[in-house]
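Here are the chains, one letter per residue:
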Amino acid sequence: MPGVYKIRPMTLLENKPGSIPVPREITTQPRRSDQIFRAVVTIGGMTSLVILGLIALFLSLKGISVLRVEQLSFITESKWEVLQDAEGKVAESTFGLGAMLIGTFLAAFIAVIVGVPIAVLSALYLTFYARGPVKKLLISLIDLMAAFPSLLFGFWGFIVLMSSGEYWAKLLNKYLGFIPFFDVPAPIFERSPFIAGLVLAIMIIPIVTAISREIFDQTPLDRVQAAYALGASKLAMIRAVVIPYGRGGVVGGAMLGLGRAMGETVAVYTVLNVVYQVNWQILFGAGGNVASLILLKFGEAGPEEVNALMAAGLVLFLLTLTVNAISDLLINKFGKKGR
Amino acid sequence: MTQTTIPSPQKPWGTSIAQRLTTAAILALAGVLAGAATEFTGLSGKLGFAAAYFFFASLLIFVQQLRLRDLAAAKDSLLSSFAFLAITMTLIPIVSIVSTVFLKGYKGIHFGMFTNDMTQASVNDPVTSGGLLHALVGTILMVGGALIVSFPIGLLTALYLTEIRGKLAHPIKFLVQAMVVCHQSLPDYLFFRFWLSQ
């Protein structure tokens, strides 16, 4: 059609037809340096997983022979015996962790029951009552306590705490002896699960206090001040604002304390009289603890018994993981809610 | 000309002398009651006295608050009593551990402690012979070696958890937390045996 011009779009580059640049390629491919960084970091992150996996693998490889023989009675039965014949060879062996598991749970629960309320109240004191330099001093003291080695707690428990622990044990036995837990077959109150639990309680107090204090510190200030403005007393404010907000963190801290109390070796070994029998009477001077059992038996154990101890280590390992999983679950469930 | 009188500042909310005297009287009364309790019941010794003292002191403060104000204030005072007790019970072990270590250990501190080792000393020598040098060197070597191995791994793990956030971030975080909890020697000890047996 004549008279109609073909309209060509004008571009900036019209005069230089030879040098139309290729548009920059848009891609999700990261740069080389990023790829290398990513690979290095991922390998580093995997390392901790691999190390833990290796520990679990090693424990199961060593322990599987014993676990295969004993099966479920490894956990339920409480007998740890190696009988040798005249030539010193192992004739018969029975391994069962029952008593030690019960002892571990008992001591850990005593620690949590005694330690956690004290720790939470201390955290409340530090957050809402202490002021200025006193507060700073107290916080640094408690952090210092968290750094004490566990051997120190053990020795201190043996030398200093034992007599006062015995005193309270006697008192409990005198007035609450009708409850089966506080009964004793013979008046031996030294080196009991109760005292071991007290030492563990003192060990977990700084950790739980530190965690709870950090959680309480994060309570939104506007809510705190709103509660005060409505005429709440400190108790009412804490119950309405701080506890609902910090519940998850406190529960998590308590479970962390429980896990630590279960895995503790040296302090319990120093204080507790490790005896191989099921002992529900917490004031009586005989008890057990899986970790202490391993420490106690390792030096003189034959190859088969070593495998049994490895299996015990595996049980303890799984126990700790379970406690952590539960604590994770609880924290997520009770998460950060508040009014 | 009016004379303006400038009132001197007052704090009506502050504690008056009468209130302080009452508090002192309450604490003293609690002491008396606690003494009586240790005398007549199964509680005995310093510990029993301390427990009874706390019980009576918090009870009396509770009653006092209830009389002066109301139940809410009384409960509030109870909470502060318990918080104070808790912090005291937390501090007692710290003070006791530190003082025990110093009281039992100060005799062993001497000048040669950091420069000698135990090669020239035997069990029956006085405590001033020999020293800690070997143990210190061993500690520094071990901690140094542990740091060289673990610091990069720890740093990279942290970077992985915060920056990359891959599929395995959650299990790694969980396991690392578990390791923090069960760091008390046991897995490490077993792992060490594992290396020895190779």
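Trainee: Go over the overall build of chain B with me, naming the residues and quoting the values.
Mentor: The number of helices and strands found in chain B is six helices and zero strands. Moving toward the C terminus, one meets the helices and strands of chain B in the order α-α-α-α-α-α. Expressed as a percentage of its 198 residues, the buried residues of chain B come to 27%. Expressed as a percentage of contacts within chain B between residues at least 6 apart in sequence, the contacts between residues at least 24 apart total 18%. Taken as a whole, chain B presents about 13900 Å² of accessible surface, with 71% of it coming from carbon and sulfur.

Trainee: Can you lay out helix 3 (residues 98-129) of chain A for me, pointing to particular residues and giving the numbers?
Mentor: Residues and elements named next belong to chain A. The first and last C-alpha atoms of helix 3 sit 45 Å apart over 32 residues, in line with the 46 Å expected at 1.5 Å per residue. In the structure, helix 3 departs most strongly from a straight axis at G115, where the bend amounts to approximately 30° and where the proline P117 lies between one and four residues downstream. Burial of helix 3 is extensive: 26 of the 32 residues sit out of reach of the surface.

Trainee: Got a sec to walk through the environment of Y125(A)? Specific residues and values, please.
Mentor: When you line up the elements, Y125(A) lands in helix 3. For the pair formed by Y125(A) and R213(A), sequence separation is 88 residues and the distance between their alpha carbons is 9.1 Å. In this view, Y125(A) contacts A130(A), L138(A), A83(B), F84(B) and I87(B); residues no more than four positions away in its chain are not counted.

Trainee: Quick one: what's the story with empty space enclosed by the protein, residue by residue and with numbers?
Mentor: All names here are of chain A. Scanning all chains against the criterion turns up two cavities of 30 Å³ or more. Within this model, the second largest cavity holds a volume of roughly 30 Å³. If you go around the second largest cavity, the residues you meet are A99, I102, G103, L106, P193, Q277, N279, A286, G287 and G288. Top element by residues in the lining of the second largest cavity is helix 3. It accounts for four residues. Residue composition of the lining of the second largest cavity, by class: five nonpolar, five polar and no charged.

Trainee: Which residues make up the packing of helix 1 (residues 32-70) of chain A against helix 4 (residues 133-164) of chain B, and what values go with them?
Mentor: Two numbers describe how helix 1 of chain A lies on helix 4 of chain B: the axes approach to 7 Å, and their chain directions differ by 115°. Between helix 1 of chain A and helix 4 of chain B, the crossing angle belongs to the class labelled roughly perpendicular. Helix 4 of chain B is crossed by helix 1 of chain A, and the crossing has left-handed handedness. Residues F37(A), R38(A), V40(A), V41(A), T42(A), G44(A), G45(A), M46(A), T47(A) and S48(A) of helix 1 of chain A form the contact with helix 4 of chain B, whose own contacting residues are I153(B), L156(B), T157(B), L159(B), Y160(B) and I164(B).

Trainee: So what's going on with the interface of chain A and chain B? Residues and values would help.
Mentor: Between chain A and chain B, the contact holds 62 residues from the first and 56 residues from the second. Both sides of the chain A and chain B interface together cover about 5300 Å² of buried area, and 81% of this is carbon and sulfur. On inspection of chain A and its partner chain B, the count reaches six residue pairs in polar contact (both at pLDDT 80 or more). Secondary structure elements with two or more residues in the side of chain A that touches chain B: helix 1, helix 3, helix 4 (132-146), helix 5 (150-176), helix 6 (193-217), helix 8 (234-263), helix 10 (290-298) and helix 11 (303-334) of chain A. Looking at the side of chain A that touches chain B, the element that brings in the most residues is helix 1 of chain A, giving 17 residues. Split into classes, the residues belonging to the side of chain A that touches chain B amount to 41 nonpolar, 14 polar and seven charged.

Trainee: Break down a nonpolar patch on the surface for me, with residues and values.
Mentor: A surface patch of nonpolar side chains, about 390 Å² in accessible area, is lined by V50(A), L54(A), L57(A) and L61(A). Tracing the chain through its elements places V50(A) in helix 1.

Trainee: I'd like a description of the side chain of T219(A), backed by residues and values.
Mentor: With respect to the helices, strands and loops of the structure, T219(A) is situated in the loop between helix 6 and helix 7 (221-229). Not counting the four nearest positions on each side in its chain, T219(A) is found in contact with V224(A), V241(A), V242(A) and Y245(A).

Trainee: A description of the packing of helix 4 of chain A against helix 6 of chain A should follow, citing residues and the corresponding values.
Mentor: The description of two helices packed together rests on the angle between their axes and the distance between the axes. All names here are of chain A. Here helix 4 crosses helix 6 at 130°, and the two axes come no closer than 8 Å. Classified by the angle their axes make, helix 4 and helix 6 are oblique. At the point where helix 4 passes helix 6, the crossing takes the left-handed sense. Residue-level contacts link I139, I142, D143, M145 and A146 of helix 4 to I202, P206, T209, A210 and R213 of helix 6. A per-class count over the contact of helix 4 with helix 6 returns seven nonpolar, one polar and two charged.

Reading the values: rules and limits
Residues numbered from 1 in each chain as written. Chains lettered and ligands numbered in written order. Predicted model: local features only at pLDDT ≥ 70, side-chain atom pairs only at ≥ 80, totals over all residues. Heavy atoms only, no water. Helix = DSSP H or I, 4+ residues; strand = E, 2+ residues; numbered from the N terminus. Buried < 20%, exposed > 50% of the residue type's maximum accessible area, 1.4 Å probe, protein only. Contact = heavy atoms within 4.5 Å. Areas by Shrake-Rupley, 256 points an atom, 1.4 Å probe, with all protein chains shown as cover. Expected span 1.5 Å × (residues − 1). Bend = angle between axes of the 7 residues up to and from the residue. 1 Å grid on protein atoms, 1.4 Å probe; cavity = no way out; pocket = protein on both sides within 12 Å on 5 of 7 lines; lining within 4 Å. Points joined across faces, edges and corners; volume = space filled by probe spheres on them. Nonpolar A, V, L, I, M, F, W, Y, C, P; charged D, E, K, R; others polar. Axes fitted to C-alpha atoms, helices over the stretch in contact; angles between N-to-C directions. Parallel < 35°, antiparallel > 145°, perpendicular 65-115°, else oblique. Left-handed = near helix turned anticlockwise from the far one by under 90°. Buried area = accessible area lost by both parts, 1.4 Å probe. Polar contact = N/O pair within 3.5 Å; in protein donor to acceptor, adjacent residues only side chain to side chain. Patch = residues over 30% accessible without salt bridge, like charges linked within 9 Å, V, L, I, M, F, W, Y side chains within 5 Å. Salt bridge = Lys/Arg side-chain N within 4 Å of Asp/Glu carboxyl O.

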